Every structure is written in C-alpha cells, then in structure tokens.
Amino acid sequence: MKLSLLTVFKDLILYNLKYLGLILTFVCLAVTGQEFPPVTNFTPSEYGAGNQNWMISQGPDKKIFVANNSGLLQFDGEHWTLYKVPGETAVRSVRASGENIYTGAYMEFGYWRPNKNGRLQYFSLKDSISSGLIDGEQFWDIKEVEDYVIFQSHQRLYSFNKNSGKVTTLITARNITNLFRVRGKIYYQVAEEDLYVIEDGVGLNFISNEIIENRELVGLFPYSNDTMLAVTRDDGLFLISGNKWEPLKVENYPEEVSLFSAHYLNDGTLALGSIGEGLFIFDLNGSVRYHLSQPTLLNNTLLSVMEDEEGNIWGGLDNGIVVINKESPFRIFVDTFGKIGTVYGSEVVDGITYLGTNQGLYYKDAGSEGTYNLIAGTTGQVWSLNYINGVLYAGHDKGTFMVQGRNASLIWDGLGTWTVRPIGDGIIQGHYNGLSYLPDTLITAKAQYLQNFDLSVQNMVVENDSTLWISHYHRGIFRLTLEKDYSGVRTMENYGLNGKSELGPQIFQIEDEIYYSTEDIIYKFDRNSNKFTSSNELNELSEGNSRISGASRVLADGSWWTFGRDNLYYVTRDPFEQKFISRQVPLPLEYRNISKGFENISLVGKDKYLVGSNGGYIEFSVPLNKIPAGEILLSAVGTASQRENFEFKPLLNSELELGSNINNIIFLYGIPNYQALSKTEYIYRLKNYSSSWSGWSNSGTTRFENLPAGNYTFELKGRINDKETEILTYSFSIARPWYYNNLAFLSYFILFLLGLAGIHYSYRRRHKNIIKAREKNLRMKNLEAEQEIIRLQKEHLERDMAEKNGQLAASTMSIIKKNEFLSNLKDELKGAGDPDVKKVIKTIDRELREEDNWKMFKEAFKNADKEFFDKIKAKHPELTSNDLRLCAYLRLNLSSKEIAPLVNISVKSVEIKRYRLRKKMNLPREVNLTDYIMNL
C-alpha cells in the first residue's frame, strides 16, 4: 500500500493539500518579526495558465521556463507566454539547455526550439521509441549529462543523444521515484528498491534499499570531497560517502515537515520546498535563514525549487509561482495583519530594536527572528525616537516617554510631543502647541513650556545653547533666541517660505550649516545676507531628483537623506576630495508608502539603515553591491494589416520588408530582471517617423498603427535603477502600394499627359463652343436688333398709317360735308329760274361728280392701305370697281349715311349696294359685312 501511495502522491493528493496550506497559514505567524528578502508572487491569472507548476528552469538568455499544468510557460521579465504540447496535457518537467528547452508531459516528451520569430516550435521524441510509450506514462524529471538528456517517467529512463538525435531506452523499472545528477553522473531511485547509478548506459546498484529503508529522496547534491548530501521527504538529511549511508544531524532542521522539493544553493544553503509548510532556506550549520509561508507565499506547497543565475529562488507552487530575491541587499518586514502599524521611527539601542508606530512603541532583540512586543503603556501614536546622550526618548501623542530596556516612563504629559533635541544641560521638546524644556534626564525632573511661543514644532535644529531653528508647515522658517534659563523665547525672526511647499519645509543641519528643504529646492542659510538661498552645493546635487516631499533626515553618520518616487537619495562627504557626493538607493515608493512629509530613515548598524512604511519597514546596507542589471531582449515582432491578426516576424536585425497593406507593427521586449525592488523602464523611438525619444515607461510593449510607406528603424533601450542598457535596433520597411511604384508613376505620367491633352482638347472645344455661343448670342442680339428695328419701323408705319388714315378720314369727312353742303345748296337753288343760278347749279353738279371724288379718295386710300385692294381682289375677283369703291368706304368704317354723299346716291341705294356686295362675297347672314372687310 505504501508504494501505491507514493506513486499516486504526485498525481492526486496535491490538489487537496492546497486547502491544508490555507489552514496552516495562521501557524506561520510565529515568525512575524522576521525580515525577508523581497518576494514576488505570480498568480495563475497573471501568467495565464494552470495553478500547479511542477518544475522551473532558466535558459542561457535568462528567460524562465515553467512546467505548468496547462503547458510550457516562458517568462522574459515582462511577458508570460504559454505553449501547449500536443494533446494539451500538463507539462511535468522542463530543462533549458542551449537553444533547446526539453519538456516531459503525459504520454509526450521532446524539445522546443525558438524559430527566427522568437516563437517556440515543438519537436516530439515519443515516436523515436520503437516499442512505443507505456500507457499512462508521464515524465517527471529531466537531467542533462555531457551530450545526453535523460527523461524520467515512473516506468522508464530514456536517453536522448543531442548530437545524433537518437532516443534510447536506458532503464525499465516498476516505480522510478526520482532522478538526480551529481558530479556528472545520473542517479535514480526505485521505490522499495535501491538507489542506482548509471555507468556505461547500465543501471547499477549504488545503495541498497535495506540501508535506505524505503526513505524517498527529494534531493541529492554534491557536498564535500566525494560526499553527497541526500535530502529525504520525511526523514531528514543523510551523507553518502562511497556507498555508505549516514544520517546528518543538523540542529533546528525541520524533520517534522514533509518535503516535496529541494535545491542546494550556490551559497551552500538548502532550499527546502515543503508540503503545506512553505519554503525553508536552511543553513547546514543549524540555522534557518528564512521560513516563508502564507501570506508571504501564495501557497504553502512547493512542487519545485530552482536558483537562477542571479541567486533568485524560484518556487513552483501548488497555486502560483514565487520569486525570492535572496541576494538582494534589501530585507523587508511586512506587517500583513496590522499588528505593528505604520513605522514613524526606529532605533537600535543596547541590542534592542525599537519601532515607533501609530499603534505604540514596539521592541525585539536586534537580529533575532522573534516577534515584536508592545512596551506597556505606550499604546498610541509615536511620532519620533530620539537617542540623546545614552537615553532613548519617544515623542508620543501622550507626551514624552523615556525608554529604558523593555520599559518606558512618561516624563511629560503635555499635548503631544513631535520631537526631542538636546540643548544646554537638558532637552528641548517640540509639541503640538509650543516648546518645553526639561533641565535633566532624570525621571523626576519636570519640564516647563517656553513662554511667548505657541506654534506647533515638528522639526527643529539646535544651532547652539541659545539659538533654535524650527520649520512650520504654513508659516515657514523661524530662528528663535531663547532666554538663558530656557523659560521663554527672547526674539523670533520669521524667514517665510521660498517657492512651492505643499506640506511645508523641513529644517536640518549639516556640518554647522543650516538648510531647509521643500519638494523642489534645498535652501541654505547665508549668514552674511541673513537670507536663505538656493545657490548651494546640496541643491545642485539634488537637481533632477524626483523628490516627493521636503522630508529630510540627517543621521548619526553624517549622511543626509531625502525621498524620491523611485529612489532614496543620500549625500555624504567624500573624505578624499572633501566635497559632497550624491548617491541613490533604488527603493520604489510602493514598498515604503507613508503619509507625505513623514518619510523616515534610521541608522540601525554600521552602514545599515531602516526605512519605515505604512505596513512595516525595509532594511538595507550600503553600498549596494548586489543589484544586477541586465540586457534588453526583443521577444517578438508582430505585423498585421488593419483587419488581420498579428503575425510574428524574424527577430534578427536584418531589414524586414513588409507589404504596403502591412502597416501595423508591434514590438514585445523586456529585460530578464526578476528583482522586486528594481524598477525596469523602457524608452524608444521610431526613426523616420519620430526623431524624439518617448518618455520612460514600464510597459514592455510598443505598437505603431497605420504607418506610411518608408524605411524605419526602431530604437529601444531600457534601464534598471537608472543604469541604462545598450540601444537595441530593429529595421524594417513598408513597401509603397502598387499605385506608388515606378510603373504606376509612369502610368500616372502618361495619364497626366493624356489628361493635359484632354484638357487642351476640352479647352479648345470649350473655347470653340464659347465662340459659337458668343456668335450665336451676337446673332441673336443682331436679330433682336433687327426685330427691334422692324418693330420700330412697324410702329412708325403704323403711326404713319394711322396718321394717313386720320388724314383720309378727315378728307373723306370733308368731302362728305362738302357734298352734303353742295347738295343742300343745289336743292335750294333748283326753284329759281335765274340763268346765273342755273350756272351755279351746273357748277355744283360738276363738284358733285362721283368720279372726281373717287379719284381723290382712291389716291388717299392707297397711301393709307396699299395692300387692301390686292387682298380683296385676290379673295373676291368677281367684284367690280364700284364694289371695290364701296369696300373701301366700308374699310373706313363709314355708315351708309356717310357713304351716300360720297357716291351721290341716296342712303337706300347704298343699302342696296351693300346687300348686293354681301351676295357677291357669299357672306353668311351672321357675318357683319363691315367687320369682315375691316379684318382682311
């Protein structure tokens, strides 16, 4: 039964152990006081794959490869990429070697190799086994020795010759539990059998199971001389010398913990990955350097442990991935559950570390891994810790405490103490509402407020026994001259504020010189002009620093510290050149976040510093010698048209030629930097598109869309902790579209010429049309002019005709009247017989003769209406001259009565003539004769 449980353990029981890890979280709280190196956790949602991570390896380019339940994970420091094996089964093992990344999975093993585009391509080796794989075979480990790669399943060991590509079945056994490589030899263990070594391709018994006593090994490492160190799952450590098996008793070794993975680190310590108890970093001299568990780790079960080139420890968890920056110069204490609070100050006195927090004053033995304990009576806000003349004072919301060992006494119960400084034979205290003086350090001594001063004093500098400088948030800098007995303030001079200061200035003193700092500028007091000036060496050194407040701290070693967004900045005096030198400590704000203006740092050992934060503190020593940099890597180049997915392109720096429609390009890049506190940033530009560099960004992706045709060079560089990498370049070109090539331009030229010809022809045609139109218009105007002339002539003729008609009518009426007069005269003269009268009558008859009247009328009528006679003759040729005469009279619209005198007949005779005329003309009865004649 034990054999089957050991075999099944890796496959099934770990799914349940992750819940056990959650229960054991609270057991791990006993190490609350331990400072850990920086730790980074990656959740499954962050790396985009399954929960369990069975093995981790690092390639020569520092990329990380992880055997994950969902496939092979690759990490370049910025981007996680998941590659699925055939069948999409879980990958159980991985080993990066040269260009190849070897993996083992369920019923599948082989290797991956990057293509020119940087994507990994898989080459399966399972078909190289002539007998085929055993049903259900999974590959749990991979080791490399010389030119061979050994794949281990529970049933077999396979050897892959890297030179020939041949796969050979080395070992077949019932239950191979583990595989090890020590000093160029391959060892493997078979459950309930022996520990074997492979010699000349054959598995030879190395240590019998009778000696091992069924202890399952999780690690086998070179130790001293020819000795090997064996790490068992549940039974501790053993030394193997030759084929001898001896227990190694090491004090404090966690024998009660069940282990699943182990790794012998380069510094001689052991990394032990447990089942449900987290990770132990164990020194073989008997000390546990670190014990990390939840909540520091995402999960308490470590399926694998690996050390990378920079000494970082990678843990493949049952749920996630963790990176521990073991070699980092920083150590972090995280108050996960808020037991300590925000750290506002710290001091190390007589082997005790004190923390002043917003919850009270805490202590623990310096260098120990014990918990922090609250000093009784100090609950509440501690603003500062001040070590003065061998005595530790705590500025507290309740007043001032004197700290002695693990006890503290309240020596001032005034309204809040910000800070304490030595002056004269005693101390001066800055309070919420003024200053007080304590004449000596005895507990029985009593302090008294200084008169004539009630401002809040958070920061102050004692220049001498009578002069005090303070900085006030709103009112600026004050210089106070104190009474000799410190009973009050004798004089007070306010220097105000220069420039911007959101949370007020902070006063400080370096080498007897008085300064104050704002977020932007550092001012130095000029004693000659009695003014503060920005023209000073300290301000010049600080230019360009991205400081986030005016907070300044001068420590006991003479260093001056200030706080930026990504770094701490400090200035010291160069002992050789006797000038200030500025340095920086890469410590991003998110790891030391605290209320603005309350940033703090303390000297807690030789060149050792402690920075308080709102969730614990960070310790480090200077100089920082173990912060690695790195080279920038181009992970992928993708191109696409506007409507297509990105296609990966070669990464080699040979110019990439893209089609005219492929004008979207994306670059993925990163620096394989796995230091949690090291900030990685990138800057880029695309030459021939933009001449200026972009701003620094932490994004490892750059995308350009809708680029015009042309030749481009993408330039990229990164920086870690202000150390810049070399510039990486990638050239590519986008072809001109078909309508921009030479043939197209020739076609355009021909079309242009044809267009010019067409335009010329069109212009000429249009010009002709314009001329024709103008000629037509001219003709029309001429015609209109002629018509106008005709109209005018017609009007003239009509006027002439009207005038002649008038004259004709007048002549006619004159004739009528004359004839009527003559007729009447004749009638009156007829009765007389006088010969003279008869002669007169003859004369009258001669005047009344019709022919004479008609001739005169006819001539006048023809002048008035020339065509009338022609028209009426044409229409009625049968008419006689007498008929025409009557028609002429009717044309003038003369009545029968008016016509009668003209023709010298009676009216009745005229009517008879009219009647006969109608007959000749065949006019209907309804047609009026006069109207008919007038309308001809």
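What counts and how
- Residues numbered from 1 in each chain as written.
- Predicted model: local features only at pLDDT ≥ 70, side-chain atom pairs only at ≥ 80, totals over all residues.
- Heavy atoms only, no water.
- Helix = DSSP H or I, 4+ residues; strand = E, 2+ residues; numbered from the N terminus.
- Buried < 20%, exposed > 50% of the residue type's maximum accessible area, 1.4 Å probe, protein only.
- Contact = heavy atoms within 4.5 Å.
- Areas by Shrake-Rupley, 256 points an atom, 1.4 Å probe, with all protein chains shown as cover.
- Expected span 1.5 Å × (residues − 1).
- Salt bridge = Lys/Arg side-chain N within 4 Å of Asp/Glu carboxyl O.
- Phe/Tyr/Trp six-rings, centres within 6.5 Å; stacked < 30°, edge-to-face > 60°.
- Patch = residues over 30% accessible without salt bridge, like charges linked within 9 Å, V, L, I, M, F, W, Y side chains within 5 Å.
- Lys, Arg positive; Asp, Glu negative; His and termini not counted.
- Charge placed at Lys NZ, Arg CZ, Asp CG, Glu CD.
- Pairing = 2+ DSSP bridges.
- Axes fitted to C-alpha atoms, helices over the stretch in contact; angles between N-to-C directions.

Participant: With reference to specific residues and values, describe the overall build of the protein.
Facilitator: A tally of regular secondary structure across the protein gives 12 helices and 65 strands. Among the 936 residues that make up the protein, the fraction classed as buried is 50%. In the protein, of all internal contacts separated by at least 6 residues, the share reaching a separation of at least 24 is 49%. Taken as a whole, the protein presents about 45,100 Å² of accessible surface, with 49% of it coming from carbon and sulfur.

Participant: Help me get a handle on helix H11 (residues 907-921), residues and values and all.
Facilitator: An α-helix turns once per 3.6 residues; consequently, residues spaced three or four apart project the same way. The terminal C-alpha atoms of H11 lie 21 Å apart, and with 15 residues this matches the ideal 21 Å at 1.5 Å per residue to within 8%. At the C-terminal side of H11, Asn-922 shows a positive phi close to 55°.

Participant: Give me the pattern of salt bridges: which residues, what numbers.
Facilitator: One pass over the full model with this rule turns up 30 salt bridges. Note that Lys-326 is salt-bridged to Glu-327, the shortest N-O span being 2.4 Å. Across the salt bridge formed by Glu-724 and Lys-717, the nearest N and O atoms sit 3.3 Å from each other. Of the residues examined, Glu-724 reaches a relative accessible area of 46% and is grouped as partly exposed. Overlapping salt bridges, with partners in common, bring together Asp-267, Asp-283, Arg-289, Lys-326 and Glu-327 in one network.

Participant: Run through the packing of aromatic side chains, naming residues and quoting values.
Facilitator: In this structure the tally under the stated criterion is 62 aromatic pairs. Considering the side-chain rings of Phe-667 and Phe-704, the 6.5 Å spacing of their centres and the 80° angle between planes classify their relative orientation as edge-to-face. With Phe-667 in strand S60 (residues 664-670) and Phe-704 in strand S62 (residues 701-704), this pair connects stretches of sequence that are 37 residues apart. Phe-667 sits in the buried class, given a relative accessible area of 0%. Classification of Phe-704 by relative accessible area gives buried; the value is 9%. Geometrically, the ring pair formed by Tyr-669 and Tyr-682 is edge-to-face, given 5.1 Å between the ring centres and 70° between the ring planes.

Participant: Mind laying out a positive patch on the surface, listing which residues take part and the relevant values?
Facilitator: Side chains of Arg-764, Arg-765, Lys-768 and Lys-772 sit close together on the surface and give a patch of like positive charge. Under the relative-accessibility criterion, Lys-768 is labelled partly exposed at 46%.

Participant: Outline unusual backbone geometry, listing residues and values.
Facilitator: With omega at 5°, the peptide bond leading from Gln-294 into Pro-295 counts as cis. By the element assignment, Pro-295 lies in the loop between strand S25 (287-292) and strand S26 (302-307). Phi at Glu-213 is positive, roughly 60°, even though this residue is not glycine. Within the secondary structure layout, Glu-213 lies in the loop between helix H3 (209-212) and strand S18 (217-222). With a phi angle near 50°, Asn-225 is a residue other than glycine that sits in the positive phi range.

Participant: Which residues make up the pairing of strand S32 (residues 360-365), and what are the values?
Facilitator: Judged by how many residues are buried, S32 sits mostly within the fold: five of six residues are covered. Examined bridge by bridge, strand S31 (residues 352-357) and S32 share six bridges and lie antiparallel to one another. Residue pairing in the sheet places Thr-357 in a bridge with Gly-360 of S32. Hairpin geometry of S31 and S32 is characterised by an intervening segment of two residues between the two adjacent antiparallel strands.

Participant: Can you break down the sheet that holds strand S29 (residues 330-334) residue by residue, with the values?
Facilitator: Strand order across the open sheet formed by four strands is S29-S56-S55-S54, with antiparallel pairing between neighbours. Taken across any chain shown, the strands that pair with only one partner, and hence form the sheet edges, are S29 and strand S54 (601-605). The sheet shows a mean angle of 25° between the axes of neighbouring strands, taken without regard to direction.

Participant: Describe the sheet that holds strand S20 (residues 237-241), with residues and values.
Facilitator: Across the sheet, which stays open at both edges, the four strands sit in the order S18-S19-S20-S21 with antiparallel pairing between neighbours. Pairing within the sheet leaves two strands with one partner each, and these edge strands are S18 and strand S21 (244-248). Sheet twist, expressed as the average angle between the axes of neighbouring strands with direction ignored, equals 25°.

Participant: Mind laying out the environment of Ser-517, listing which residues take part and the relevant values?
Facilitator: Mapped onto the secondary structure, Ser-517 falls in strand S47 (residues 513-517). Exposure remark for Ser-517: the relative accessible area of 0% places this residue in the buried category. Distance from Ser-517 to Pro-505, taken between C-alpha atoms, is 5.5 Å for residues 12 residues apart in sequence. Ignoring sequence-local partners within four residues, the contact set of Ser-517 consists of Gly-504, Pro-505, Gln-506, Phe-508, Ile-522, Arg-547, Gly-550 and Ser-552.

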